[in-house]
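The residues making up each chain are set out below.
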Amino acid sequence: MPAHHGVYIQKIEDIELADALEKYGKPYFWAERDKLKQLGDKVHAPGKWTVKDIIQHLIDSERIFAYRALHFARNDKTPLSSFEENDYAMTAQASRRELDDLLDELYTVRDTTIRLFRSFTDEMLMREGQMPSGSITVLGIGFAIVGHNKHHMEVLKERYYPIIS
């Protein structure tokens, strides 16, 4: 699997994917809502994303990863392209949105991701596909989605929360 996905997958304890998607979904971010609001538009260093940019990035990434999982689960052999996260962040204009609206969208996207992965059979979950950065299974993508969100929450806690302490 692509190395950067492996880093995300390793962040998740040994639990079922359905449990991981639930655990690191709405309750995980909702518990941090007040601190995320306190951050506002503060960044831990010049040129870094705001909390709104990060949440928008999680929304965009989860949609893209979920599409890739669907693509592989359905045995679509069409080559996939990569995406440039900084270009997405720059054009998304997350700063014009309310944090609660972004969090609601993140929860909605997670709910659809959960429903998508529930629809996959065991055979579909084990299907492997080729991404621009390497091959990965549908199941691996599911854990990468969860680990990606956990990674960004860890960054917020380690680098951003000290700003408001």
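The shown structure was predicted, so the numbers you read here are calculated from the model rather than taken from an experiment.

### Observations regarding the nonpolar core
- Within the largest apolar cluster, 49 residues are counted, with the highest numbers of intra-cluster contacts made by Phe-29, Leu-36, Ile-55, Phe-117, Phe-120, Val-138 and Leu-156.
- Of all elements in the fold, only α2 (17-23), α3 (26-30), α4 (33-39), α5 (51-73), α7 (99-119), α8 (122-125) and α9 (138-164) reach the threshold of two or more residues within this core.
- Here the element with the most residues in this core is α9; it accounts for 11 residues.
- If near-sequence neighbours (up to four positions away) are discounted, Phe-117 is found in contact with Leu-17, Leu-21, Ala-69, Leu-125, Val-138, Ile-141, Gly-142 and Ile-145.

### Quick word on the pairing of strand β2 (residues 134-137)
- Sheet topology places strand β1 (residues 128-131) next to β2; 4 bridges connect them, and they run antiparallel. Residue pairing for β2: Gly-129 is matched across the bridge by Ile-136.
- Counting the residues that bridge the hairpin from β1 to β2 gives 2 residues.

### Some remarks on empty space enclosed by the protein
- Per the stated rule, a full pass over the model turns up 1 cavity of 30 Å³ or more.
- Taken as a whole, the largest cavity holds about 40 Å³ of empty space.
- In terms of lining, the largest cavity is formed by Asp-53, Gln-56, His-57, Asp-60, Phe-83, Glu-85, Tyr-88, Ala-89 and Ala-92.
- Those elements giving two or more residues to the lining of the largest cavity turn out to be α5 and α6 (85-92).
- Residues that form the lining of the largest cavity fall into these classes: 4 nonpolar, 2 polar and 3 charged.

### Looking at the pattern of salt bridges
- This structure, assessed with the given rule, holds 12 salt bridges.
- Across the pair Lys-37 and Asp-100 runs a salt bridge, and its minimum N-O distance is 3.2 Å. On the criterion of sequence distance, the pair formed by Lys-37 in helix α4 and Asp-100 in helix α7 is long-range, its members being 63 residues apart.
- By relative accessible area, which is 40% here, Lys-37 ends up partly exposed.
- Asp-100 sits in the partly exposed class, given a relative accessible area of 27%.
- Measuring nitrogen to oxygen at the nearest pair gives 3.0 Å for the salt bridge that ties Glu-123 to Arg-127.
- Judged by its relative accessible area of 55%, Glu-123 is exposed.
- Overlapping salt bridges bring together Arg-33, Asp-34, Lys-37 and Asp-100 as one network.

### A few points about the environment of Phe-29
- Positionally, Phe-29 belongs in helix α3.
- Linking Phe-29 and Ile-55, residues 26 residues apart in sequence, is a C-alpha distance of 9.8 Å.
- Excluding its chain neighbours within four sequence positions, the residues that come into contact with Phe-29 are Tyr-24, Leu-36, Ile-55, Leu-58, Leu-103, Leu-106, Tyr-107, Asn-149 and Met-153.

### Some details on the side chain of Arg-97
- Within the secondary structure, Arg-97 sits in the loop between α6 and α7.
- One polar contact links Arg-97 to Glu-105, side chain to side chain, over a distance of 2.6 Å.
- Sequence-distant contacts of Arg-97, defined by excluding residues within four places in its chain, comprise Lys-52, Gln-56, Leu-102 and Glu-105.

### Here's the deal with the packing of aromatic side chains
- Scanning all chains against the criterion turns up 5 aromatic pairs.
- Ring geometry for Phe-117 versus Phe-120: centroids 5.2 Å apart, planes at 75°, classification edge-to-face.
- Classification of Phe-120 as buried rests on a relative accessible area of 6%.
- These aromatic residues form a ring-pair network of at least three members: Tyr-24, Tyr-28 and Phe-29.
- One cation-aromatic arrangement involves Lys-26 over Trp-30; the distance from NZ or CZ to the ring centre is 5.8 Å.

Rules and cut-offs
Along every chain, residues carry numbers that run from 1 in the direction the sequence is written. Selection of residues for local features in this predicted model requires a pLDDT of at least 70, selection of side-chain atom pairs for listing and counting requires 80 or more, and totals for whole chains, interfaces and linings are taken over all residues. Excluding hydrogens and water, the side-chain values take into account all heavy atoms of the structure. For this analysis, a nonpolar core means a set of buried residues of the types Ala, Val, Leu, Ile, Met, Phe, Trp, Tyr and Cys, connected via side-chain atoms within 4.5 Å. Between buried and exposed lies partly exposed: a residue is buried under 20% and exposed over 50% of the maximum accessible area for its type, with that area taken using a 1.4 Å probe on protein chains only. Numbering goes from the N terminus for both helices and strands, where a helix is a DSSP run of H or I of at least four residues and a strand is a run of E of at least two. We call two residues in contact when some of their heavy atoms are within 4.5 Å. Should DSSP find at least two bridges between two strands, the strands are regarded as paired. Throughout, the protein atoms alone are placed on a 1 Å grid, and a set of points is a cavity if a 1.4 Å probe fits but cannot get out or a pocket if it is open with protein on both sides within 12 Å along at least five of seven lines; lining residues have an atom within 4 Å of a point. Grid points are joined across faces, edges and corners, and a volume is the space filled by probe spheres set on the points. Note on residue classes: Ala, Val, Leu, Ile, Met, Phe, Trp, Tyr, Cys and Pro are nonpolar, Asp, Glu, Lys and Arg are charged, and everything else, Gly too, is polar. Just to be clear on terms, a salt bridge is a Lys or Arg side-chain nitrogen sitting within 4 Å of an Asp or Glu carboxyl oxygen. Polar contacts, as counted here, are pairs of nitrogen or oxygen atoms within 3.5 Å of one another; within protein the pair requires one atom able to donate a hydrogen and one able to accept it, and residues that are adjacent in sequence qualify only if both atoms are side-chain atoms. Aromatic rings from Phe, Tyr and Trp, taking only the six-membered ring of Trp, are treated as a pair when their centres fall within 6.5 Å; an angle between ring planes under 30 degrees marks them as stacked, one over 60 as edge-to-face, and anything in between as tilted. Look at NZ for Lys and CZ for Arg. If either is within 6 Å of the ring centre and within 35 degrees of the ring normal, a charge sits over the ring.

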